[in-house]
Amino acid sequence: MDIIFYHPTFDTQSWLAGLQQQLPEARVREWREGDNQPADYALVWHPPVEMLAGRKQLKGVFALGAGVDSILSKLKAHPDMLPAGVPLFRLEDTGMGLQMQEYAVSQVLHWFRRFDDYQAQKQQANWQPLDEYRREDFTIGLLGAGVLGGQVAESLIAWGFPVRCWSRSKKDYPGVTSFAGAEQLGDFLNGTRVLINLLPNTPQTVGIINAGLLEQLADEAYVLNLARGVHLVEADLLAALDNGKLKGAMLDVFSQEPLPVDSPLWKHPRVAITPHIAAVTRPDEAMAYIARTIRQIEKGEKPAGEVSLQHGY
Ligand SMILES: NC(=O)C1=CN([C@@H]2O[C@H](COP(=O)(O)OP(=O)(O)OC[C@H]3O[C@@H](n4cnc5c(N)ncnc54)[C@H](OP(=O)(O)O)[C@@H]3O)[C@@H](O)[C@H]2O)C=CC1
Ligand SMILES: O=CC(=O)O
């Protein structure tokens, strides 16, 4: 079995060694320009078109992350990049769920305990206890309730917050109120105090967090964008912060990354920023998942994690 690997920033040598350990029966190599030698599996992130195009013998392509938007957008421009019938897999969880839980829980608690207000008071040397927020006024709404959104919902339920989610299909997560489809988006937003985005980037979700959506949230709401920058209309977010509809935002992803130095988001006192690190690929867990999935494919089984090209995620 031959496996080709391409990632523009990962430590390729350590991945090749790790994969070889997980799959001793395989020949694993870094893909380099001009390599047309046979391959059964391709492990990729931002792959050059020529790495995959025409490789009809592939049994599977693995994205080395959770989101497949960059691969699918390339595929749109170069439909021959993924030969027909070759399944595309993505990383499902592989350690990202826990990271997303850490990120979301810590930020929700930060807002709930009013540490943002106390931080602002500190700038004025102002010693002033504030009214406590009540959990019943702090409904958390998850846009996207899949592998990661589901785990974030679970962790926030454990902290006693009212939690609701919105997805394409109805969910049955214990303690979580589920809304599904465009027709239930309004009901989902009505009363949501903290909006957490964990949607995939698809034509249906681009720009979804815009002025019209923000207006439907509870007053003094908060936005946590953990998914993709294109989901959020940054100018609308800034306007909602400045007109008082939103109390704060924490953003991990941006329409342009790295976020340009002249972006007004950097300077806004009620916007917190991290550089797309909410959940990173954990090599050991990712390699174990890939090896397990390859073994399932080799046995003729149908593994989890296959991307629906029709739905775009
Ligand atoms: N910032 C970071 O560091 C990271 C960001 N991400 C981002 O998080 C995203 C989510 O990951 P993951 O949870 O694994 O993805 P999943 O595919 O498991 O979940 C996606 C969820 O979004 C819902 N959804 C998709 N399209 C729509 C729509 N049009 N309307 C309503 N709901 C919709 C799905 O509904 P249904 O369940 O019904 O299918 C599902 O609940 C990734 O696509 C990636 O962009 C991921 C990892 C790290
Ligand atoms: O944003 C990261 C990913 O894995 O997707």
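Keep in mind that what you see is a predicted model, and the values were worked out from it rather than measured.

Rules and cut-offs
- Residues numbered from 1 in each chain as written.
- Chains lettered and ligands numbered in written order.
- Predicted model: local features only at pLDDT ≥ 70, side-chain atom pairs only at ≥ 80, totals over all residues.
- Heavy atoms only, no water.
- Near = heavy atom within 4 Å.
- Polar contact = N/O pair within 3.5 Å; in protein donor to acceptor, adjacent residues only side chain to side chain.
- Areas by Shrake-Rupley, 256 points an atom, 1.4 Å probe, with all protein chains shown as cover.
- Helix = DSSP H or I, 4+ residues; strand = E, 2+ residues; numbered from the N terminus.
- Nonpolar A, V, L, I, M, F, W, Y, C, P; charged D, E, K, R; others polar.
- Core = buried A, V, L, I, M, F, W, Y, C linked by side-chain atoms within 4.5 Å.
- Buried < 20%, exposed > 50% of the residue type's maximum accessible area, 1.4 Å probe, protein only.
- Contact = heavy atoms within 4.5 Å.

A. Examining the site of ligand 1 more closely. Within the structure, ligand 1 sits among 30 residues, and Val147, Ser169, Lys171, Leu226 and Tyr313 are positioned closest to it. Separating an oxygen atom of ligand 1 from a backbone N or O atom of Ala145 is a distance of 2.9 Å. The contact in question runs from an oxygen atom of ligand 1 to an N or O atom on the backbone of Ala279, over 3.1 Å. Expressed as a share of its isolated accessible area of 940 Å², the protein-covered part of ligand 1 is 92%. Elements with a contribution of two residues or more to the shell around ligand 1: α4 (96–112), α6 (147–158) and β7 (163–167).

B. Just the site of ligand 2, in detail. The immediate surroundings of ligand 2 are formed by Gly65, Ala66, Gly67, Met96, Arg228 and His276. Between ligand 2 and Gly67, the relevant distance is 2.8 Å, taken from an oxygen atom to a main-chain nitrogen or oxygen of the residue. Between Arg228 and ligand 2, the recorded distance is 2.8 Å, taken from a side-chain N or O atom to an oxygen atom. Taken by itself ligand 2 offers 190 Å² of open surface, and the protein chains cover 84% of this. A per-class count over the shell around ligand 2 returns two nonpolar, three polar and one charged.

C. Spotlight on the nonpolar core. Grouped together as the largest cluster of nonpolar side chains are 75 residues, with contacts concentrated most on Phe138 and Ile196. If you tally residues by element for this core, the top one is α4, at nine residues. Filtering out sequence-adjacent residues up to four positions away, Phe138 remains in contact with Val108, Trp111, Phe112, Tyr133, Phe161, Pro162, Arg193, Val194 and Tyr222. Counting 27 residues, the second-largest nonpolar core is a separate cluster that includes Ile208, Ala240, Leu259 and Val271.

Nothing here speaks to function; it is geometry throughout.
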